[in-house]
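Listed here are the chains, written in short residue letters.
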Amino acid sequence: MADYIYPVARLIECFRRLPGVGSKSAARMAFGVLEMSPEDAEEFRAAIKGVKEDVRRCSVCCDLCDSDKCAVCSDPGRDQSVICVVEDSRTVSALERSHEFHGTYHVLGGVISPMNGITPDRLNVKELITRLNGTVNEVIIATNPNIEGETTAVYLSKLIRPLGVKVTRLAYGVPVGADLEFADSETLARALEGRREF
Ligand code: ZN
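Residues numbered from 1 in each chain as written. Predicted model: local features only at pLDDT ≥ 70, side-chain atom pairs only at ≥ 80, totals over all residues. Heavy atoms only, no water.

A.B. asks: Can you help me understand the sheet that holds strand β6 (residues 166-169) in this one?
C.D. replies: Strands in a sheet are paired, the pairing made by backbone hydrogen bonds, and the direction either parallel or antiparallel. As summarised here, the arrangement of the 4 strands in space is β4-β3-β5-β6, forming an open sheet in which the pairing is parallel. Of all strands in the sheet, those bounded by a partner on one side alone are β4 (103-107) and β6. Across the sheet, the axes of successive neighbouring strands diverge by a mean angle of 25 degrees, strand direction being ignored. Alignment of strand β3 (residues 79-86) against β4, held across 5 bridges, turns out to be parallel. Bridged to Val85 within β4 is His106. Relative to the sheet, helix α5 (residues 89-98) contacts β3 and β4, its axis offset from that of β4 by approximately 160 degrees. (Pairing = 2+ DSSP bridges. Helix = DSSP H or I, 4+ residues; strand = E, 2+ residues; numbered from the N terminus. Axes fitted to C-alpha atoms, helices over the stretch in contact; angles between N-to-C directions. Contact = heavy atoms within 4.5 Å.)

A.B. asks: Even after reading the chapter, I still don't get unusual backbone geometry, so can you show me in this structure?
C.D. replies: Leaving glycine out, the prevailing phi sign among residues is negative, and the prevailing peptide bond configuration is trans. The residue Cys62 is not glycine, and still its phi comes out positive at about 70 degrees. Along the chain, Cys62 falls in the loop between β1 (56-57) and β2 (64-65). Among the residues examined, Cys62 registers a relative accessible area of 7% and is labelled buried. Despite not being glycine, His99 has its phi angle at roughly 55 degrees, a positive value. (Buried < 20%, exposed > 50% of the residue type's maximum accessible area, 1.4 Å probe, protein only.)

A.B. asks: So what exactly am I meant to see when it comes to the domain arrangement of the protein chain here?
C.D. replies: It is common to report an interface's size as the accessible area lost on association of the parts. Each assigned domain of the protein chain is listed with its residue range as follows: domain 1 (6-54) and domain 2 (77-179 + 185-191). Taking only C-alpha atoms into account, the centre of domain 1 sits 34 Å from that of domain 2. (Domains from an automatic or database assignment.)

A.B. asks: In this structure, what is going on with a nonpolar patch on the surface? I would like to understand it.
C.D. replies: A contiguous nonpolar surface patch, about 270 Å² in accessible area, is contributed by Tyr4, Phe31 and Leu34. By the secondary structure assignment, Tyr4 is in the segment before α1 (6-16). (Patch = residues over 30% accessible without salt bridge, like charges linked within 9 Å, V, L, I, M, F, W, Y side chains within 5 Å. Areas by Shrake-Rupley, 256 points an atom, 1.4 Å probe, with all protein chains shown as cover. Salt bridge = Lys/Arg side-chain N within 4 Å of Asp/Glu carboxyl O.)

Here's what the structure looks like:
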């Protein structure tokens, strides 16, 4: 970064720490900031400060929120007897965009991954079990369909089933708009497994 004067090099280095940002993009972003009006730059600074200071975890579902309880947990119209367990807040947003789910969520904050040192006690599992106090009938496990997601799903179902709560797994299938001919065999096998009556 010897080509840039220190304040610019420092900002480029900051952007480079973001996921998916390489040196070129980081430099473009830094110069973008340099060209901002002082008001826009201040807004930028305040937004970064805001996510670090004002965002916390919902006391019920552990999703990100800016008060004690998130919007879903505070909504009396949501079915409190169904909990959809997801890896992170981004999956909550994706499911909310589908407008198909009317229950509540539980955000694990990751998946079990012995290789990365992530054991169940590092996830929001205890908080999930605490919620299964007789009012919950079904837990839908919506972790990603990869090895770690599957391991986590199996772990949770073994933990939850003995409590008398129904445990289901999201059906995985062929993406809408995809060509069956080009779907990989694992995806097709899952799609068959998760078939339902038409
Ligand atoms: Zn919540």
